[in-house]
2 protein chains.
Amino acid sequence: MKEKDKPIGIFDSGVGGLTVVKEITRHLPNESIIYLGDTARVPYGIKSPETVIKYSRQNAKFLKEKGIKLLVVACNTSSAVSLPILRDEIDIPVIGVIEPGARAAVRCTKTGRIGVIGTEATVKSGAYEKAILQGARGKGQGARLEVIAKPCPLFVPLAEEGWFENEVAEMTAEIYLKSFKGNGVDVLVLGCTHYPLLKKTIQKTVGNGVILIDSAEETAREVEGLLKEKGLISNSESAVKDFYVTDNPERFSKVGKVFLGENGLGRLSIVDISSY
Amino acid sequence: MKEKDKPIGIFDSGVGGLTVVKEITRHLPNESIIYLGDTARVPYGIKSPETVIKYSRQNAKFLKEKGIKLLVVACNTSSAVSLPILRDEIDIPVIGVIEPGARAAVRCTKTGRIGVIGTEATVKSGAYEKAILQGARGKGQGARLEVIAKPCPLFVPLAEEGWFENEVAEMTAEIYLKSFKGNGVDVLVLGCTHYPLLKKTIQKTVGNGVILIDSAEETAREVEGLLKEKGLISNSESAVKDFYVTDNPERFSKVGKVFLGENGLGRLSIVDISSY
């Protein structure tokens, strides 16, 4: 197989990374994709960095052995704590979801006050602050930027329950996001792959004056840019999507439809990666 | 060590089982307890029976090797799918949280319509229906009983967030529990160890005409009864509590205080049980 026709490998702790699959497919319809959702150990967002790193390494190794040309870490928590390690250990390009979102935030802010919402682990890691301030220094803006981060643990179960715009979602958003209203924040990064499902509710809560950054979309752009740069864009007419989960394919399939629509999922298999 | 002074072993997927610890301690203050919370793989409620059984076996083996006199499976999901297997494989008494709750429900109902709420996995297993109908047959009432079960996935993250009685909790309860109002259900089993934290909100939603069964309390009574019957009640003045988690002791400690109060937790250690 030609290098450029090899699949893109994508992993997430569960179904959330399907927002990234959706955007990559929209930007690059001829790419084959192998997706791994670690549903036996989901969620990562409440776990320690050590454990998230261990799980991420196993996921990466499994995908690497499938012969991928590029690895996308489509999980904010895993990107936040394990990206430098994976980049060190794997000899193909590795893209996470944090840097693309951070760069977009720096590009969009006018007030210099950037909000970030994510899981407990992502927020605690400080990875977005770091990536945003690094990106800003590159543009000579480091000094004037301020990052306000807030964990929103209930957004993931709300998204998985399919409660995107009901009263419970609205009230939860109101409680979590009230500190972002009227405090000068003009950009809010959705720092968890589940959150784009709640986009309408989040936008309504913070108001139209705040730009929402969808890291899935930014990541797809970054993937496109990198593949172009390396001459690795596929023009295959026979692109396939293979999905693997570590547990409960039935539930993945059901919740997956919420993310990708009725016909979105390709072949789905269950795999044991605990020995990788 | 005398057999009766050996500790009681208790495991749960995370912090939820602390409601059982609390009730056992209230009933039996002189018992030593070893608690294992499998926080590296929490939650069990969205996982497949095969995976829950694998994890439960490892938890049980870890506790058994600590020299316990009795094993309490303080997790409804694990009780629902792995109890017969654990009883088969372990040579000490094993008590789950489902049978005590089911028995109490049969005792309390007058209309014969019993509601059960729990995780997706617990509800799907049908374990409560089975235990309730078995208990009723023992009393010659099998034919006249009806069980209505409903998964309430958001109750666990709500409890862990500490949102027991706010508007979000109330509205979520309203959506999940409306089918229990005015349909003749007079007993509702809280079939997940997290749910007692939301007791007030649940009671308010279904009304005072419905009796709530707290499986933690019923399980503690069953533990007391069994130990009495076997002459294994400890009267030690030096009872100790040891807590083990498989990940993130910091978070366990924080959320644990919600369950047991400021001074509730004893020694807390982290342990790797993936090779058990």
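Parameters at a glance
Residues numbered from 1 in each chain as written. Chains lettered and ligands numbered in written order. Predicted model: local features only at pLDDT ≥ 70, side-chain atom pairs only at ≥ 80, totals over all residues. Heavy atoms only, no water. Helix = DSSP H or I, 4+ residues; strand = E, 2+ residues; numbered from the N terminus. Rg over C-alpha atoms; globule rule 2.2 N^0.38 Å. Buried < 20%, exposed > 50% of the residue type's maximum accessible area, 1.4 Å probe, protein only. Pairing = 2+ DSSP bridges. Axes fitted to C-alpha atoms, helices over the stretch in contact; angles between N-to-C directions. Contact = heavy atoms within 4.5 Å. Salt bridge = Lys/Arg side-chain N within 4 Å of Asp/Glu carboxyl O. Phe/Tyr/Trp six-rings, centres within 6.5 Å; stacked < 30°, edge-to-face > 60°. Lys NZ or Arg CZ within 6 Å of the ring centre and 35° of its normal. Parallel < 35°, antiparallel > 145°, perpendicular 65-115°, else oblique. Left-handed = near helix turned anticlockwise from the far one by under 90°. Nonpolar A, V, L, I, M, F, W, Y, C, P; charged D, E, K, R; others polar. Buried area = accessible area lost by both parts, 1.4 Å probe. Polar contact = N/O pair within 3.5 Å; in protein donor to acceptor, adjacent residues only side chain to side chain. Domains from an automatic or database assignment. Least-squares fit on C-alpha atoms with pLDDT ≥ 70 in both.

## Notes on the overall build of chain A
Across its full length, chain A carries 11 helices and 10 strands. Scaling as 2.2 N^0.38, a compact globule of 276 residues should have a C-alpha radius of gyration of about 19 Å, and chain A matches this with 18 Å. Dimensions of chain A, computed from C-alpha atoms along their principal axes, come out at roughly 55 × 40 × 35 Å. For chain A, with 276 residues in total, the buried portion stands at 58%.

## Digging into the sheet that holds strand β5 (residues 113-118) of chain A
Paired through their backbone hydrogen bonds, the strands of a sheet run either parallel or antiparallel. Residue and element names in this part refer to chain A. The 4 strands are arranged β6-β5-β7-β8 in an open sheet whose pairing can be described as parallel. Only two strands of the sheet have a single partner each, and these edge strands are β6 (146-151) and β8 (211-214). Strand-to-strand, the axes of this sheet are offset by a mean angle of 25°, without reference to chain direction. Across 4 bridges, the pairing between strand β7 (residues 187-190) and β8 is parallel. Paired with L190 across the strands is D214, a residue of β8. Contacts between helix α10 (residues 215-229) and the sheet are confined to β7 and β8, with β8 contributing the most and set at about 55° to the helix.

## What to know about the pattern of salt bridges
According to the stated counting rule, one finds 40 salt bridges over all chains in the structure shown. In this structure, K6 of chain B engages E3 of chain B in a salt bridge whose closest nitrogen and oxygen atoms are separated by 3.0 Å. Look at K6 of chain B and you get partly exposed, because its relative accessible area is 24%. E174 of chain B is the partner of K181 of chain B in a salt bridge, and the nearest nitrogen-oxygen pair spans 3.0 Å. Residue classification places K181 of chain B among the partly exposed residues on the basis of a relative accessible area of 35%. Bridged by salt links that share partners, the residues R107, E217, E218 and R221 of chain A form one connected network.

## Quick look at the packing of aromatic side chains
Enumeration over the complete set of coordinates arrives at 18 aromatic pairs over all chains. Note on Y35 of chain A and F243 of chain A: the rings are 5.8 Å apart at their centroids and 50° apart in plane angle, and the pair reads as tilted. Pair noted here: Y35 of chain A is in strand β2 (residues 33-37) and F243 of chain A is in strand β9 (residues 241-245), with a separation of 208 residues, a long-range link. The residues Y35 of chain A and F243 of chain A share a single accessibility class, namely buried. A centroid spacing of 6.0 Å and a plane angle of 40° characterise the contact between Y35 of chain B and F252 of chain B, whose relative ring orientation is tilted. Separated by 217 residues along the polypeptide, Y35 of chain B in strand β2 (residues 33-37) and F252 of chain B in helix α11 (residues 249-260) bring together distant segments of the chain. Ring pairing ties together the aromatic residues F155, Y176 and Y195 of chain A together with W163 of chain B, which thus form one cluster. R41 of chain A extends its terminal NZ or CZ atom over the ring of Y55 of chain A, reaching a point 3.8 Å from the ring centre.

## Looking at the packing of helix α1 (residues 18-27) of chain B against α11 of chain B
Residue and element names in this part refer to chain B. Contact pair α1 / α11: the axes reach a minimum separation of 9 Å and the direction vectors enclose 45°. Judged by the inter-axis angle, α1 sits oblique to α11. For the crossing formed where α1 meets α11, the hand is right-handed. The segment α1 lies against α11, with L18, T19 and K22 engaging F252, G256, F259 and L260. Considered class by class, the residues forming the contact of α1 with α11 number 4 nonpolar, 2 polar and 1 charged.

## Description of the interface of chain A and chain B
Listed as interface residues are 33 residues of chain A and, on the opposing side, 33 residues of chain B. Interface area, chain A with chain B, both sides summed: about 2600 Å², of which 55% is carbon and sulfur. Per-residue buried area on chain A facing chain B is highest for I46, L154 and M171 of chain A; these three make up 19% of the total on that side. Applying the counting criterion to the chain A and chain B interface returns 4 salt bridges. Salt-bridge contacts for E120 of chain B lead to R251 of chain A; the nearest nitrogen and oxygen are separated by 3.3 Å.

## Considerations on the environment of V97 of chain A
All names here are of chain A. Take V97: it is sitting in the loop between β4 (94-96) and α4 (98-108). For V97 and G17, which are 80 residues apart along the polypeptide, the C-alpha to C-alpha distance reads 9.7 Å. With residues up to four places along the chain from it excluded, the contact list for V97 reads V20, V73, A74, C75, N76, S79, Y128, S215 and T219.

## Looking at the side chain of S236 of chain B
All names here are of chain B. Residue placement: S236 occurs in the loop between α10 (215-229) and β9 (241-245). Classification of S236 by relative accessible area gives buried; the value is 16%. Within the structure, the side chain of S236 is placed 2.9 Å from the backbone nitrogen of S238, a separation counted as a polar contact. Those residues in contact with S236 that lie beyond four places of it in its chain are D5 and N30.

## Digging into the domain arrangement of chain A
You'll often see interface size given as the accessible area lost when the parts meet. All names here are of chain A. By domain assignment, chain A separates into domain 1 (3-96 + 217-270) and domain 2 (98-215). The C-alpha-based centres of domain 1 and domain 2 are spaced at 22 Å. Each partner contributes to the roughly 1900 Å² buried at the junction of domain 1 and domain 2, and carbon and sulfur atoms together form 52% of this total. The tally of links between domain 1 and domain 2 comes to 4 salt bridges. Notably, a salt bridge pairs R103 with E222, separated by 2.2 Å at the nearest N-O pair. Broken down by secondary-structure element, the contributors of at least two residues to the side of domain 1 that touches domain 2 are α1 (18-27), α3 (76-89), α10 and α11 (249-260). Tallying contributions element by element places α3 first for the side of domain 1 that touches domain 2, with 7 residues.

## Structural notes on the relation of the copies chain A and chain B
Of the transformation placing chain A onto chain B, the axial shift is 0.0 Å and the rotation is 180°, giving an RMSD of 0.0 Å. Here the transformation between the copies is reduced to the relation of a two-fold axis. In terms of C-alpha distance to the rotation axis, chain A has R41 of chain A as its closest residue, with the C-alpha 2.5 Å off the axis. Of the residues that chain A buries at the interface, 100% are likewise interface residues in chain B, meaning the two copies contact each other through the same surface.

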